[in-house]
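Descriptive analysis of the structure
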Amino acid sequence: MASARKTVEVPSVLTGKPLRSKKRPPPPPYYLPLNVTLYVGLISNGIAAFLAPIQDCDEVFNFWEPTHYLDHGYGLQTWEYSPVYSIRSWLYVTIHAIVGKSSSLALTSKSSQFYAIRFFLAITCAACQTRLYAAICRTLSPKIGLFFLIIIAFSPGTFHASAAFLPSSFTMYMSMLGLSAFLDWRRQKIAQGIMWFGLGAIVGWPFAGALVVPLLLAEITVGSFSGSLGTIISRIINGAMGCLVILAAEIAVDYAFLGKFAIVPWNIVAYNIFGGDGKGPDIFGTEPWTFYIKNLLLNFNIWFVFAMSAAPLLLLQAAFRPRATNKETLLRTLALITPFYMWFAIFTAQPHKEERFMYPAYPFLALNAAIAIHMVLSYVGSKNPGGSNGSLLANIKLSIVTAIALAAINAGLLRTVGMITAYNAPLKVFEPLERLDIAQAGDSVCFGKEWYRFSSSFFLPGGMRAKFIRSEFRGLLPGEFPDAADYPALLDGASRIPVGMNDLNQEDPGKYVDISQCSFLVDSYFPSRGASALEPDYIHDDAQWEAVSCKDFLDASQTGLLGRLIWIPDIPGLPDKFQRKWGQYCLLRRRNVPAETD
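All of the points below concern the structure found in this document. Since the structure is predicted, the reported quantities are computational estimates derived from the model, not experimental observations. (Residues numbered from 1 in each chain as written. Predicted model: local features only at pLDDT ≥ 70, side-chain atom pairs only at ≥ 80, totals over all residues. Heavy atoms only, no water.)

If you check the backbone angles, asparagine 301 has positive phi at about 35 degrees while not being a glycine. Within the secondary structure layout, asparagine 301 lies in the loop between helix 14 (291–300) and helix 15 (302–320). Using a relative accessible area of 16% as the deciding quantity, one classes asparagine 301 as buried. Unlike most non-glycine residues, asparagine 505 shows phi in positive territory, near 60 degrees. (Helix = DSSP H or I, 4+ residues; strand = E, 2+ residues; numbered from the N terminus. Buried < 20%, exposed > 50% of the residue type's maximum accessible area, 1.4 Å probe, protein only.)

Written out as structure tokens, the structure is:
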């Protein structure tokens, strides 16, 4: 009886309807069955796995390349993996390398292994989304669950984060599982929730541990009111002990690779917060405080506005409709919507900003938006519920909801398609190397000004290596792991201290090769950009290079704002300000490679 009454109380603070003393039959737990929800996630995330462009060069050099090293014995190495600095965990990479190695039993090409790992990430994300959707529907409201599903399935932000090989995406998965556990208030899976958040923070990104703080404070407060504080504390301790076990496993794996004791999560925090003068993330660029506002508006459009309005709406409801507000459910709802605000405030205050830093908070953003929409619609629906006026109001409300959802979905899809068609050339340009027998073992594929768009060694046939030639860039480029033929050699190579590495982003001339050593070259051409001595127009140098594969790449500097934001078809006669302008992203092969002489 008590549990049944509690089930009725929880949505009351969200719907704005007074609690009733009489028992009512429970509403259907889901508007969409869980298997359908899983399929929606698989389709949405699966499309991202196979088509989404890589957003950040850190994803390639810090995660895809070490994974390639574990699976194929060679790859590029960044300073973060040097045992001197040790700010990247080998446990996270090893998990994905196991997936890649397992897929190689059925897939022959390395690019297929790349997509197998991505699809594994898409499946994992879909499973986590489904579990959180189920928890929201059971505990809060099926309507909130439905809005949550719409937001995560059709938003460009989730599209990019769902299959990205990044610790922030992994943390996003774990945050969904942790939030699902905390939402199960009847069974109080506090220890499980702490372990999920801890797994995301330890193996993924340590800063994400902050997301669990409001949820823990709410549980402690409710426990102190209800007299069950001792039980709550015991469960928190159990969760913390589980996190220590996870940390011990990570330390053991990193010790095997680095050859020394290292607590990588602490090293990440120390570098980013206590790095000192001339160090830390700010040396890689800073952004204005409005960066995340603009970014989240692009990636979530109207849903971001609703997410930011959740707290004001909740406080207004508590102030003007006190009969509908229960203290416990008000506290729990406040705890649910706080993590997004906290995360947004923390990272807005940091000078160095990147889109991927918001990934762990995406589930909370979607939940905040769903709760806000539900509160607004419930308030509107509570006026004159009976008679013809009530029916008219219900129809109006349905029309408004449908119009908002369709507008947001269409805007999200247009941006997603726009990003795919504009920027996925680096994932396609290497296809001839596998389809045609033109690559030879020992060939080098060189990158100059396009170094940061390299899509990883998984797209180069076995024996081909990625090299760098000089360009206008003056920062630190990746080096190379020592070649390894077996697992002991892999561990030995990872534990060696590489030369020419630093944590100051200072250029190392030893990272370059002469262009005469390049059998292939990746370059881009944009009519609006001039050539220079270090970045000549290789694509039109027909005497030295021939194009093997060229793909369209958006010329953002010449394309209008609308064309940069969303997909616009290339329709003849479209006004110039709406047309998307294009450059070329090409794989070139050297002509007349000189033969070796005795």
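After that view, the rundown keeps rolling.
What follows concerns the sheet that holds strand 2 (residues 444–447). Strands sit in the order 3-2-5-7-6 across an open sheet of five strands; the sheet is mixed. Each having just a single partner strand, strand 3 (465–468) and strand 6 (545–554) make up the two edges of the open sheet. Neighbour-to-neighbour, the strand axes of this sheet turn through a mean angle of 25 degrees, independent of strand direction. Looking at chain direction, strand 2 and strand 5 (residues 520–525) are connected through three bridges and run parallel. (Pairing = 2+ DSSP bridges. Axes fitted to C-alpha atoms, helices over the stretch in contact; angles between N-to-C directions.)

This brings us to the packing of aromatic side chains. Under the definition given, this model contains 47 aromatic pairs. On the numbers, 5.7 Å between centres and 65 degrees between planes, the contact of tyrosine 92 with phenylalanine 170 is edge-to-face. Here the residue tyrosine 92 occupies a position in helix 5 (residues 90–103), and phenylalanine 170 occupies one in helix 9 (residues 167–183), the gap between them amounting to 78 residues. Residue classification places phenylalanine 170 among the buried residues on the basis of a relative accessible area of 12%. (Phe/Tyr/Trp six-rings, centres within 6.5 Å; stacked < 30°, edge-to-face > 60°.)

Running from amino to carboxyl end, helix 14 crosses helix 15 at an angle of 120 degrees, the nearest separation of the two axes being 6 Å. It follows that helix 14 is oblique to helix 15 by the angle criterion. Where helix 14 approaches helix 15, its residues Ile293, Leu296, Leu297 and Phe300 are matched on the opposing element by Ile302, Trp303, Phe304 and Val305. Here the contact of helix 14 with helix 15 is built from residues that sort into eight nonpolar, no polar and no charged. (Parallel < 35°, antiparallel > 145°, perpendicular 65-115°, else oblique. Contact = heavy atoms within 4.5 Å. Nonpolar A, V, L, I, M, F, W, Y, C, P; charged D, E, K, R; others polar.)

It is worth stressing that arrangement in space is one thing and function is another; only the former is reported here.
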